[in-house]
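# Architecture and fold: a report
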Amino acid sequence: MKIFFPNEYLESIFKINYENLRKKGIKGLIFDIDNTLVPYYIKEPTKEIVTLFKDLVKKGFNIVLVSNNSKQRVVLFNKGLKFQTFHRAKKPRRINLKKAIEHMQLQNNQVALIGDQIFTDILGGNRTGIYTILVKPVSVRDEPITKIKRGVEKLVIKLYLKHFEHEK
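I will try to describe carefully the structure that is included in this document. (Residues numbered from 1 in each chain as written. Predicted model: local features only at pLDDT ≥ 70, side-chain atom pairs only at ≥ 80, totals over all residues. Heavy atoms only, no water.)

## Points about the nonpolar core
Selection rule: By nonpolar core is meant a set of buried Ala, Val, Leu, Ile, Met, Phe, Trp, Tyr and Cys residues that side-chain atoms within 4.5 Å join together. Relative accessibility under 20% of the residue-type maximum defines a buried residue, over 50% an exposed one, and the middle range a partly exposed one, all with a 1.4 Å probe and only protein chains included. Strands are runs of DSSP state E lasting at least two residues, helices are runs of H or I lasting at least four, and both sets are numbered from the N terminus onward. Working rule for contacts: check all heavy atoms of both residues, and any pair within 4.5 Å makes them a contact.
Ranked by size, the top nonpolar core spans 26 residues in total, and within it Tyr18, Leu29, Phe31 and Phe53 carry the most contacts. Looking at this core, the elements with two or more residues in it are α1 (18-23), β2 (28-31), α2 (47-58), β3 (62-66), α3 (71-78), β5 (111-115) and β6 (131-135). With four residues, α2 is the single largest residue contributor to this core. Residues contacting Phe31, with those up to four places away along its chain left out, are Ile13, Tyr18, Leu37, Phe53, Leu56, Ile63, Val64, Leu65, Val66 and Ile114. Of all hydrophobic cores here, the second largest spans 13 residues; its members include Phe86, Leu97, Ala100 and Val111.

Listed below in structure tokens is the structure:
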């Protein structure tokens, strides 16, 4: 079961302690887009996201966007950000996560992946050997295939919370 457990589980990308990540040696951040940063039907990043990303870059973080969505969706979202992107990433497959890490010229232990789905983002990140952070979806609206997975994800989150509560 631990392959499905993130290293951290937080409310949103704005609740992540990026300074603590730096102290852990994290220099690269891989962000999922849909329902991690914005709902899947929102085409561009919010001002808050743009501000956060500018701040993270100033602090020395390298940022890459990795999405299972289409090239059109990812390119449009990234238009004003201008980060390296990987679309149709096929997470939890590792190939595009590895490409993102190579692009940043970092080692696996220097990279964190931030996403909202256990069976794509967290499983893919854990299989790749990078630090994983699960955030709650920014919208209750999901694409149909994702809705199906959310019920099982709730069970995994329950086990995760029970596991870490038990460890304390």
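On we go from here.
## What about a positive patch on the surface?
Rules: Patch definition: residues above 30% relative accessible area lacking any salt bridge, with like charges linked at up to 9 Å and the nonpolar side chains Val, Leu, Ile, Met, Phe, Trp and Tyr linked at up to 5 Å. All accessibility values rest on the Shrake-Rupley procedure with a 1.4 Å probe; residue burial counts only the protein chains present in the view. Think of a salt bridge as a Lys or Arg side-chain nitrogen and an Asp or Glu carboxyl oxygen that are within 4 Å of each other. Note that His is not counted, nor are the chain ends; the positive residues are Lys and Arg, and the negative ones are Asp and Glu. The location of each charge is read from NZ of Lys, CZ of Arg, CG of Asp or CD of Glu.
On the surface, a cluster of positive charge is made up of Lys90, Arg93, Arg94, Lys98 and Arg127. Under the relative-accessibility criterion, Lys98 is labelled partly exposed at 40%.

## Regarding the packing of aromatic side chains
Here is the rule: Geometry of aromatic contacts follows a simple scheme: Phe, Tyr and Trp rings, the Trp one being its six-membered ring, pair when their centres are within 6.5 Å, and the pair is stacked under 30 degrees between planes, edge-to-face over 60, tilted otherwise.
What the rule picks out here adds up to seven aromatic pairs. Between Phe31 and Phe53, the aromatic rings sit 4.9 Å apart at their centres with planes inclined by 50 degrees, giving tilted as the arrangement. On the criterion of sequence distance, the pair formed by Phe31 in strand β2 and Phe53 in helix α2 is long-range, its members being 22 residues apart. Seen from their ring centres, Phe53 and Phe83 are 5.5 Å apart, and the 75 degrees between their planes marks the pair as edge-to-face. Placement of Phe53 in helix α2 and of Phe83 in the loop between α3 and β4 (84-86) is noted, with a sequence separation of 30 residues between them. Residue Phe53 is classed as buried on the basis of its relative accessible area, which comes to 1%. Here the aromatic residues Phe5, Tyr9 and Tyr160 are joined through ring pairs into a cluster of three or more.

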